[in-house]
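# Coordinate analysis (summary)
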Amino acid sequence: MGTNLRLHILGCHAAAPRTMTHPTAQLLELRNHWFLIDCGEGTQVELRRYGIHFSRIKHIFISHLHGDHFFGLPGLISTFRLLGREKELHVYGPKGIKEAITLLLKLGQSWTNYPLIFHELTSRRSEVVFEDEVVIVRTIPLNHRIYTNGFLFSEKPGQRKLNIEAARKYNIDMAYYRKIKNGSDGITEDGRRIKNELLSFDPRPPIRYAYCSDTSFHPEMIPLLKTADILYHEATFLESEAHLSTKTGHSTARDAAIIAKDAGVGTLILGHFSTRYASTQPFKEEAQRIFPNVALAEDGKVFEF
Ligand SMILES: [Zn+2]
């Protein structure tokens with residue numbers, strides 16, 4: 001089986017960028033889309049470091065307007081212009097993002113030469129923000145110090161696979177092949193109807209990725225995560241700093257693991273680590289006491305599913 005989803009971690013640390021730790025940004029490859037999720041300071045440098053073609057990014061999802069999640073956006077938007085971009089760029093983020101970016105462009109008299117389209121979010125309920133034939137993206141309302149959304153990226157169910165041997169055996173008219181892939185029965189050359197199940201295989205189950213950063217412990221998100229294969233959940237702190245976590249609207253590794261367990265996700269990826277910790281290994285240990293399948297985000301790491 002090939003790779004269906006690829007997640008590049010460009011940065012997975014909280015607060016200010018440092019030499020070896022970068023603020024939040026991820027690139028998700030799903031069904032030929034390259035979605036950029038959050039855009040902390042220096043994201044364009046990280047994109048270059050990992051050889052990711054800027055022109056393939058058409059949709060950017062911003063969770064909230066804290067600097068460590070979007071200060072890289074004006075720079076990236078400007079660089080797109082310098083590179084002569086012509087393709088549309090869609091930015092999804094909290095209300096205010098358009099004002100913030102356009103003010104910077106206005107003051108610098110540096111309007112983009114490509115269409116820059118903002119989709120401002122205000123809803124406290126989950127809503128669909130992007131949809132095409134293969135993928136649907138909806139918000140996951142989170143609970144942070146300011147208005148924040150996570151995002152659930154879901155593949156749509158694929159077509160059924162034609163069982164070509166069976167189709168030949170039953171003498172199915174080739175004109176029906178396409179309909180069979182869409183779930184219809186087949187008709188033989190002499191006019192008999194053959195059930196779809198006998199002529200096709202089930203499609204691969206659709207894959208789903210949930211991105212949740214930043215948030216305090218927020219079980220209200222669980223119903224939305226029920227179908228997620230992969231959950232990225234912030235774990236800014238360990239339980240030993242639970243008081244700081246509560247105070248700042250963040251989660252501990254244990255909080256993230258409880259959400260993963262109760263939602264029954266496949267894999268939990270922890271990230272958004274506070275730079276106060278020298279090692280991220282204790283995050284994994286703390287989470288694994290509750291939920292076994294835990295991975296640690298790491299700047300530059302690529303996850304494949
Ligand atoms: Zn934040």
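Residues numbered from 1 in each chain as written. Predicted model: local features only at pLDDT ≥ 70, side-chain atom pairs only at ≥ 80, totals over all residues. Heavy atoms only, no water.

## Structural notes on the side chain of Gln-26
In plain terms, the rule: Secondary structure counts use DSSP, requiring at least four H or I residues in a row for a helix and at least two E residues in a row for a strand, with both numbered from the N terminus. Only protein chains enter the calculation, and the probe is 1.4 Å; a residue is then buried if its accessible area is under 20% of its type maximum, exposed if over 50%, and partly exposed in between. Here a polar contact is taken to be a pair of N or O atoms separated by no more than 3.5 Å, where protein atoms must pair a possible hydrogen donor with a possible acceptor and residues adjacent in sequence count only if both atoms sit in side chains. Contacts are residue-level and defined by heavy atoms, with any inter-residue pair within 4.5 Å sufficient.
Relative to the helices and strands, Gln-26 is located in strand S2 (residues 25–30). Judged by relative accessible area, which is 0%, Gln-26 ranks as buried. A polar contact is formed between the side chain of Gln-26 and the side chain of Tyr-209, at a distance of 2.6 Å. The contact partners of Gln-26, leaving out residues within four places of it in the chain, are Leu-7, His-8, Ile-9, Leu-10, Phe-35, Leu-36, Ile-37, Asp-38, Tyr-209, Tyr-211 and Tyr-232.

## Section: the packing of helix H9 (residues 253–263) against helix H10 (residues 281–288)
Here is the rule: Axes here mean lines fitted to C-alpha atoms, for a helix over just the part in contact, with angles spanning 0 to 180 degrees between N-to-C directions. For this classification, under 35 degrees means roughly parallel, over 145 means roughly antiparallel, 65 to 115 means roughly perpendicular, and everything else is oblique. The crossing is said to be left-handed when, going from far helix to near helix, the turn is anticlockwise and less than a right angle, and right-handed when the turn is clockwise.
Where H9 meets H10, the axes come as close as 8 Å, and the angle between the chain directions of the two elements is 45 degrees. Put simply, H9 runs oblique to H10. The handedness of the crossing between H9 and H10 is right-handed. Contacts between H9 and H10 involve Ala-253, Arg-254 and Ala-257 on the former and, on the latter, Phe-283, Glu-286 and Ala-287.

## Here we look at the coordination of the zinc ion
To keep it simple, the criterion reads: Coordinating donors are taken as N, O and S atoms within 2.8 Å of the metal, stretched to 3.2 Å for Na, K and Ca; because water is absent from the atoms, sites can appear incomplete. In short, tetrahedral needs four donors with all angles between 85 and 135 degrees, square planar needs four and octahedral six donors with opposite donors over 155 degrees apart and all other angles between 65 and 115, and whatever is left is irregular.
With distances of 2.2 to 2.4 Å, the protein atoms coordinating the zinc ion are His-64 (NE2), His-66 (ND1), His-144 (NE2) and Asp-214 (OD). Its 4 donor atoms give the zinc ion angles of 88 to 176 degrees at the centre, a pattern that matches the irregular case. In the primary structure, the donors to the zinc ion are separated according to the pattern H-x1-H-x77-H-x69-D. Linking His-66 in the loop between strand S4 (57–61) and helix H2 (67–70) with Asp-214 in the loop between strand S14 (208–212) and helix H7 (222–225), this pair joins segments that are 148 residues apart in sequence. Residues His-66 and Asp-214 agree in their burial class; the two are buried.

## What about the pattern of salt bridges?
Think of it this way: side chains of opposite charge can pair up when their charged atoms draw near. Quick reminder of the rule: In the sections that follow, a salt bridge refers to a side-chain nitrogen of Lys or Arg positioned within 4 Å of a carboxyl oxygen of Asp or Glu.
Tallying each qualifying case throughout the model produces 10 salt bridges. The salt bridge partner of Arg-31 is Glu-155, with a shortest N-O separation of 3.1 Å. Of this pair, Arg-31 sits in the loop between S2 and strand S3 (33–39) while Glu-155 is found in strand S9 (residues 149–155), placing the two residues 124 residues apart along the sequence.

## With respect to the nonpolar core
Defined as follows: Put simply, a nonpolar core is a bunch of buried Ala, Val, Leu, Ile, Met, Phe, Trp, Tyr and Cys residues held in one set by side-chain atoms that sit within 4.5 Å of each other.
Formed by 58 residues in total, the largest nonpolar core has its most connected members in Phe-153, Tyr-209, Leu-225 and Leu-270. The element best represented in this core is H9, accounting for 6 residues. What Leu-270 contacts, discounting residues up to four positions off in sequence, is Tyr-232, His-233, Ala-235, Ala-253, Ala-256, Phe-283, Lys-284, Ala-287, Val-294, Ala-295, Leu-296 and Ala-297. By size, the runner-up hydrophobic cluster in this structure holds 25 residues, among which are Leu-36, Ile-77, Leu-105 and Leu-116.

## Comments concerning the pairing of strand S16 (residues 267–271)
We count it as follows: Strand pairing is assigned whenever DSSP identifies at least 2 bridges connecting the two strands.
Counting buried residues in S16 gives 5 out of 5 residues, a clear majority hidden from the surface. A two-sided burial pattern is seen for S16, the buried positions comprising Thr-267, Ile-269 and Gly-271 on one face and Leu-268 and Leu-270 on the other. In the sheet, strand S15 (residues 230–234) pairs with S16 via 5 bridges, with the strands oriented parallel. Note on S16: the bridge partner recorded for Leu-231 is Leu-268. The pairing of S16 with strand S17 (residues 294–296) spans 3 bridges and is classified as parallel. Each bridged residue has a counterpart across the sheet, and for Leu-270 the counterpart in S17 is Leu-296.

Coordinates in, geometry out; function isn't part of it.
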